[in-house]
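Given next are the chains, with one letter for each unit.
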Amino acid sequence: MTLTPQPSDKFTFGLWTVGNPGRDPFGEPTRKALEPTYTVEKLAALGAYGVSLHDNDLVPLGASLGERGRIVADFKGALDNTGLSVTMATTNLFTDPVFKDGAFTSADARVRAFALQKTMQAMDLGAELGAPTYVFWGGREGAEVDAGGNTVDALAHFREALNFLCEYSQSQGYGFRFALEPKPNEPRGDLYLPTVGSALGFISTLEKPEHFGVNPEFAHDTMAGLSFPHALAQAIDAGKLFHVDLNDQKPGRFDQDLRFGAENLKGAFFTVKLLEDSGYSGPRHFDAHALRTEDEAGVWDFAEGCMKTYLILKKKARQFNEDREIQELIAAYKVRDERLEGLSKTFSRENAEQLKDTRFDLEALRSRGPGLERLDQLTVELLMGVR
Ligand code: GLT
Ligand code: MN
Ligand code: MN
């Protein structure tokens, strides 16, 4: 298995990721913005499969129809030349000050309507570029203060907007799969739908939940002090992993969007293992950016690093699955009992009666060690390359 990325590895990057100029709340940009066509060429040369974009990553806010036409034609030309696809599109509903108190969830009906208008136009763009997946990250959907009494209303407004846009997609024949991206906070003090679990719960209240899934991001669950592999597992279990944002993050910090695997290697390993073992076939999308210290060379080092680390961890995941000792420990850990499993699987009065009559050797269960120390140490040794 080669460590050189191939399009078949399905690595994708947001235009805003490698294009991040290094601005932060305290400092000006440290790098020049990159032209989308140039980004496409560079990423293709590195072996990526595709790109994702916000409407305004490509077409600046307020561009005339003529400008839009020229920009999109040039961009399509770069896609054709390189063979790269647009794998996901989304709307920038956070930069313009009009969205300072929310977009779909704003208490102001005019702002909500404008957010719908902007999103429909962005969906037209995404469909024109062939994106199969449409992401909703509610960057401004949240609050610092609850005194306005908008908290319950906000969820109703959010639901209305998503139902509306789903119908729009269908009426236009776009066939988008929608993915909600949860985040606990930043830029708002508290964001609505802060976790994968809340997004999944919310999806079940939509008119056509089958068109909606989630786009979990490594950094977002980590910011909340939660386990990203666990969030991912819940999305997989629900059949709702429509897209994934890979990056890294130190817990308890601002949204760092670090290079994949830069910080929490074990978390990255179990992320890759889950994605690969689950048969997830969507893009491996990096939503991260180079450190603010870097120049353009550092940006491409960052992009290569994300992909290479993923491939190394994919190799390690395969090695883990083929490691006899590790697999024996896992088999011993997952204790089987045919009779009890048969009785516990589905309810019947008879099964219930038999279970109630079963005597358990609780002393044996209490005193048995499951061998996790050994298993985890072997995992660490495998990751450190000594196995
Ligand atoms: C922004 C955010 C990301 C979202 C992007 C999609 S934009 O960079 O931090 O997590 O995925 O809107
Ligand atoms: Mn993201
Ligand atoms: Mn992020």
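Everything in this summary refers to the structure shown in the same document. (Residues numbered from 1 in each chain as written. Chains lettered and ligands numbered in written order. Predicted model: local features only at pLDDT ≥ 70, side-chain atom pairs only at ≥ 80, totals over all residues. Heavy atoms only, no water.)

1. Overview of the coordination of the manganese ion (ligand 2)
Point 1. Bound to the manganese ion (ligand 2) are the protein donor atoms Glu-181 (OE), Glu-217 (OE), Asp-245 (OD) and Asp-287 (OD), situated 1.9 to 2.1 Å from the metal.
Point 2. Around the manganese ion (ligand 2) sit six donor atoms; with metal-centred angles ranging over 76 to 168 degrees, the donor geometry is octahedral.
Point 3. Of note, the donors binding the manganese ion (ligand 2) are all from one chain and are spaced E-x35-E-x27-D-x41-D.
Point 4. A gap of 4.4 Å separates the manganese ion (ligand 2) and the manganese ion (ligand 3), which Glu-217 links by coordinating each metal. Residue Glu-181 is located in strand S6 (residues 177–181), and its partner Asp-287 is located in the loop between strand S10 (284–286) and helix H11 (296–322); the two are separated by 106 residues in the primary sequence.
Point 5. In this structure Asp-287 comes out as buried when scored by relative accessible area, which is 8%. (Donors = N, O, S within 2.8 Å, 3.2 Å for Na, K, Ca; no water. Tetrahedral: all angles 85-135°; square planar, octahedral: opposite > 155°, others 65-115°. Helix = DSSP H or I, 4+ residues; strand = E, 2+ residues; numbered from the N terminus. Buried < 20%, exposed > 50% of the residue type's maximum accessible area, 1.4 Å probe, protein only.)

2. What about the coordination of the manganese ion (ligand 3)?
Point 1. In the first shell of the manganese ion (ligand 3), the protein supplies Glu-217 (OE), His-220 (NE2), Asp-255 (OD) and Asp-257 (OD), at 2.1 to 2.8 Å from the metal.
Point 2. Along the chain, the residues donating to the manganese ion (ligand 3) fall in the pattern E-x2-H-x34-D-x1-D.

3. Section: the site of ligand 1
Point 1. By nearness alone, every residue bordering ligand 1 is listed as Trp-16, His-54, Trp-137, Glu-181, Glu-217, His-220, Asp-245, Asp-255 and Asp-287.
Point 2. Asp-245 places a side-chain nitrogen or oxygen 3.1 Å from an oxygen atom of ligand 1.
Point 3. Contact with the protein chains removes 92% of the 310 Å² of surface that ligand 1 exposes when unbound.
Point 4. Of the residues assigned to the shell around ligand 1, the class counts are two nonpolar, two polar and five charged. (Near = heavy atom within 4 Å. Polar contact = N/O pair within 3.5 Å; in protein donor to acceptor, adjacent residues only side chain to side chain. Areas by Shrake-Rupley, 256 points an atom, 1.4 Å probe, with all protein chains shown as cover. Nonpolar A, V, L, I, M, F, W, Y, C, P; charged D, E, K, R; others polar.)

4. Details of the sheet that holds S10
Point 1. Ordered in space as S8-S6-S4-S3-S2-S1-S10-S9, the eight strands form an open sheet in which the pairing is parallel. Two strands lie at the open edges of the sheet, namely strand S8 (212–214) and strand S9 (245–246), each paired on one side alone.
Point 2. Here five bridges tie strand S2 (residues 50–54) to strand S3 (residues 85–90), and the two strands are oriented parallel to one another. Residue Leu-53 lies in a different strand from S3, and its bridge partner there is Ala-89.
Point 3. The sheet contacts of helix H5 (residues 109–128) involve S2, S3, strand S4 (133–137) and S6, and relative to S4 the element is tilted by about 150 degrees.
Point 4. Most of the contacts of helix H7 (residues 196–203) go to S8, to which it runs at about 175 degrees, and overall it touches S6 and S8. (Pairing = 2+ DSSP bridges. Contact = heavy atoms within 4.5 Å. Axes fitted to C-alpha atoms, helices over the stretch in contact; angles between N-to-C directions.)

5. Overview of empty space enclosed by the protein
Point 1. A full pass over the atoms with the stated rule returns one cavity of 30 Å³ or more.
Point 2. If you add up the space inside the largest cavity, you get close to 90 Å³.
Point 3. In this structure, the largest cavity is lined by 13 residues; those nearest its centre are Gly-138, Glu-181, Pro-182, Tyr-192 and Leu-193.
Point 4. Looking at the lining of the largest cavity, its residues break down into nine nonpolar, one polar and three charged. (1 Å grid on protein atoms, 1.4 Å probe; cavity = no way out; pocket = protein on both sides within 12 Å on 5 of 7 lines; lining within 4 Å. Points joined across faces, edges and corners; volume = space filled by probe spheres on them.)

6. Some remarks on the packing of aromatic side chains
One pair of aromatic rings is described through two measures. These are the centre distance and the angle between the planes.
Point 1. Across all of its chains, the model carries 23 aromatic pairs by this definition.
Point 2. Relative to Phe-286, the ring of Phe-11 lies with its centre 5.6 Å away and its plane at 35 degrees, an arrangement referred to as tilted. Note that Phe-11 is positioned in strand S1 (residues 11–14) and Phe-286 in strand S10, a separation of 275 residues in sequence.
Point 3. Residue classification places Phe-286 among the buried residues on the basis of a relative accessible area of 0%. (Phe/Tyr/Trp six-rings, centres within 6.5 Å; stacked < 30°, edge-to-face > 60°.)

7. Here's the deal with the environment of Glu-35
Point 1. Here Glu-35 lies in the loop between helix H1 (15–18) and helix H2 (36–46).
Point 2. Between the C-alpha atoms of Glu-35 and Trp-300, which are 265 residues apart in sequence, the distance is 14 Å.

8. Thoughts on the pattern of salt bridges
Point 1. In this structure the tally under the stated criterion is 17 salt bridges.
Point 2. The residue Arg-188 makes a salt bridge to Asp-101 at a minimum N-O spacing of 3.2 Å. With a gap of 87 residues between them, Arg-188 in the loop between S6 and strand S7 (190–191) and Asp-101 in the loop between S3 and H5 connect regions that are remote in the sequence.
Point 3. Residue classification places Arg-188 among the buried residues on the basis of a relative accessible area of 5%.
Point 4. Lys-183 serves as the salt-bridge partner of Asp-255, at 2.6 Å between the closest nitrogen and oxygen. Pair noted here: Asp-255 is in the loop between S9 and helix H10 (265–278) and Lys-183 is in the loop between S6 and S7, with a separation of 72 residues, a long-range link.
Point 5. A residue is classified by how much of its surface remains accessible, and Lys-183, at 4% relative accessible area, is buried. (Salt bridge = Lys/Arg side-chain N within 4 Å of Asp/Glu carboxyl O.)

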